[in-house]
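Architecture at a glance
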Amino acid sequence: MKNIHDFEYTFQPSVSEQRVKETLTCRYIANGENRILLGPPGVGKTHLAISFAVEAITQGYTALFLTADDVVSECRKAESKGTLHRLVNKWSRPNLLLIDEVGYFPFDELTANIFFQVVSKRYENGAMILTSNKSFIEWGKVFGDDVLATAILDRLLHHSVTFNIKGESYRLKEKKKAGMFPAKVTE
């Protein structure tokens, strides 16, 4: 369980505490807005996303958390059962939909199209939180289609706040201190 009180702003100074506090009010959910957290692995994207969802649930909103891998897996299962329409509706229902790890691997054509349908259906009606290790310019590769990625981003970014988190991996900081992992790899 990730809690906002456990987040170390001193370790990730690129994260605006003011933006975090504004997000914790959950007004973005009532307004059908999105929160997108970008950055390399280990910088706290998932921690923040889960913290935002926990606060939303505490305030009475419904939330669904999926990893990108879950999205691919559930799309394939729904396709084999002929229930893709039901899946799109399921992902469109919660007040808040979190999709973690977008971009760690490319989506297949089916998943990219279902993802677009969900984003389109939720546009201005249902809030989303996405985490990604890819910059927006790289999303064409993630979705296998630059035009589709542009359409997805157009809807996601219209009413959104993006957290660009820079810094080192929180998971590896203790290993680096202990000298078990190189602080920086140079060529």
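An account of the accompanying structure is given in this report.

Reading the values: rules and limits
Residues numbered from 1 in each chain as written. Predicted model: local features only at pLDDT ≥ 70, side-chain atom pairs only at ≥ 80, totals over all residues. Heavy atoms only, no water. Pairing = 2+ DSSP bridges. Helix = DSSP H or I, 4+ residues; strand = E, 2+ residues; numbered from the N terminus. Axes fitted to C-alpha atoms, helices over the stretch in contact; angles between N-to-C directions. Contact = heavy atoms within 4.5 Å. Salt bridge = Lys/Arg side-chain N within 4 Å of Asp/Glu carboxyl O. Parallel < 35°, antiparallel > 145°, perpendicular 65-115°, else oblique. Nonpolar A, V, L, I, M, F, W, Y, C, P; charged D, E, K, R; others polar. Core = buried A, V, L, I, M, F, W, Y, C linked by side-chain atoms within 4.5 Å. Buried < 20%, exposed > 50% of the residue type's maximum accessible area, 1.4 Å probe, protein only. Arc of directions from axis to C-beta.

With that settled, consider the sheet that holds strand β1 (residues 34–38). Pairing within the open sheet is parallel, and its five strands lie in the order β2-β3-β4-β1-β5. Lying at the two open borders of the sheet, with one neighbouring strand each, are β2 (63–67) and β5 (160–164). This sheet shows a mean twist of 10° between the axes of neighbouring strands, independent of strand direction. Direction of pairing for β1 relative to strand β4 (residues 127–132): parallel, over a ladder of five bridges. Bridging from a neighbouring strand, L37 pairs with T131 of β4. Helix-sheet contacts for helix α1 (residues 17–24) involve β1 and β5, and the interaxial angle to β5 is about 140°. Its contacts with the sheet place helix α4 (residues 68–81) against β2 and β3 (96–102), and it is angled at close to 90° to β2.

According to the stated counting rule, one finds five salt bridges in the structure shown. One salt bridge in this structure joins R27 and E22, with 2.5 Å as the shortest N-O distance.

What follows deals with the packing of α4 against helix α6 (residues 109–122). Across the interface, α4 lies against α6 with an axial gap of 9 Å and an inter-helix angle of 100°. In terms of their interaxial angle, α4 and α6 are classed as roughly perpendicular. Facing α4, whose interface residues are V71, V72, C75, R76 and E79, α6 presents L110, T111 and I114. For the contact of α4 with α6, a count of residues per class yields five nonpolar, one polar and two charged.

Take the nonpolar core next. Note that soluble globular proteins tend to have their nonpolar side chains buried in a common cluster. Formed by 31 residues in total, the largest nonpolar core has its most connected members in W91, I99, F115, L130, W139, F143 and L156. If you list the elements that add at least two residues to this core, you get β1, α4, α5 (84–92), β3, α6, β4, α7 (139–143) and α8 (146–158). If one sorts the elements of this core by residue count, α6 sits on top with six residues. Within the second largest apolar cluster, 22 residues are counted, among which are F7, V15, F52 and A56.

What follows concerns α1. For α1, the set of buried residues is V20, T23 and L24. One face of α1 carries all of its buried residues, which in axial projection span an arc of 100°. Exposed residues on α1 whose side chains face more than 90 degrees from its buried face are Q18 and K21. Tucked into the core, α1 has its buried residues touching α2 (27–30), β1, α3 (45–58) and β5.

A separate point is the side chain of R122. Within the fold, R122 resides in helix α6. Here R122 is in contact with W91, S92, R93, P94, N95, L96, L97, A127 and M128, once residues within four sequence places are set aside.

Within the secondary structure layout, A127 lies in strand β4. Not counting residues within four places of it along the chain, the set of residues in contact with A127 comprises Y28, I29, G32, E33, N34, N95, L96, L97 and R122.

In this section: the environment of F116. Here F116 shows up in helix α6. Sequence-wise, F116 and R155 are 39 residues apart; in three dimensions their C-alpha atoms are separated by 9.3 Å.

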